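# Structure at a glance
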Amino acid sequence: MNIDLTSRRAMVCGSTQGIGLASAFELARLGADVTLVARNVDRLKMLARELPCNQSQRHNWVAADFHDPNSVREAIRTEVSGDKPIHILINNTGGPSPGAVLDATEEQYFAAFKAHVICNQVLVQALVPGMKAERYGRIINIISTSVKQPIVGLGVSNTIRGAVASWAKTLAGELGAFGITVNNILPGYTATERLSSLISNRAKKQGVSEKQVTDDLLATIPAGRFASPDETAAAVAFLASPAAGYINGINLPVDGGRLGTL
């Protein structure tokens, strides 16, 4: 099975922590040149130096704020202006704040749409011409199991993640003929800062301990544990590889069997 990414370039968004960081490391281990994208300049510099690297690899970083699509467009301009295209794009952005869908403000919806849908569109429009020229492209969106089964208390997130899933499915049909695949990873409950925050918020709202909330969540997972970011990154790396060239337009749950849907 060919999972070698030598001579391929990857751009990984939200790559200073959690699933994004784990994905960047896994792609680098497979030989890709990785460009990290996030807001924290100090962490970007540090992590770019820590990525697995052989003599032929060249890693880089770009600072961008996904609350501002123009910031993203300008930040990546240099990365896409050279003669070596980016072959792999990992769209990964921190989720919207929790809350009931009925309580969400217009501003929350607009902000989430910009960060998740519009910024994805900006990146794809910048990178796809190079992918087409190379006849190789992998666009992988880290979204949520909520596109199959809404998650209680994540009203805005459920809405926006569904929009990304439909955007991606449409894009997959448009780009498949050019050797470009578009797929979504649907992480289940994963041991990240985001999950810790959700557990804390739910515990406060319900007036119970964080341990109680954690136990309740674990009880819904047949695997009986939360995922590690590395396990989701392994799925990302496979979909980015040559071996996954005929997998296009899918939603892949990495959830330990939690979803009650097919």
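These notes cover the structure that comes with them.

What counts and how
Residues numbered from 1 in each chain as written. Predicted model: local features only at pLDDT ≥ 70, side-chain atom pairs only at ≥ 80, totals over all residues. Heavy atoms only, no water. Helix = DSSP H or I, 4+ residues; strand = E, 2+ residues; numbered from the N terminus. Core = buried A, V, L, I, M, F, W, Y, C linked by side-chain atoms within 4.5 Å. Buried < 20%, exposed > 50% of the residue type's maximum accessible area, 1.4 Å probe, protein only. Contact = heavy atoms within 4.5 Å. Pairing = 2+ DSSP bridges. Right-handed = clockwise from strand over helix to strand, strands pointing away.

With a phi close to 80 degrees, serine 7 is a non-glycine residue in the positive phi region. Assignment of secondary structure puts serine 7 in the segment before strand S1 (9-13). Positive phi, normally seen in glycine, also occurs at arginine 135, with a value near 55 degrees. Summarising the element assignment, arginine 135 is placed in the loop between helix H5 (106-134) and strand S5 (137-142).

Before going further, it helps to spend a moment on the nonpolar core. Counting 34 residues, the largest nonpolar core has Met11, Phe66, Leu89, Leu123 and Ile139 as the members making the most contacts within it. When residues of this core are traced back to their parent elements, those giving at least two are S1, H5, helix H6 (155-175) and strand S6 (180-187). Setting aside chain neighbours within four positions, we find leucine 123 in contact with Met11, Cys13, Phe66, Val72, Ile76, Leu89 and Asn91. Among the nonpolar cores identified, the runner-up in size contains 31 residues, and Val12, Ile19, Ala32 and Ala235 belong to it.

Of all six residues in strand S2 (residues 33-38), six are buried; the element is thus mostly enclosed. Of the strand pairs in this sheet, S1 and S2 are connected by five bridges, and their pairing is parallel. Across the sheet, the residue bridging to methionine 11 is threonine 35, located in S2. Traced from S1 through helix H1 (residues 18-29) to S2, the parallel crossover comes out right-handed. Across four bridges, S2 lies against strand S3 (residues 60-63) in parallel orientation. Looking across to S3, one finds that leucine 36 is bridged to tryptophan 61. Crossover connection from S2 via helix H2 (residues 41-50) to parallel S3: handedness right-handed.

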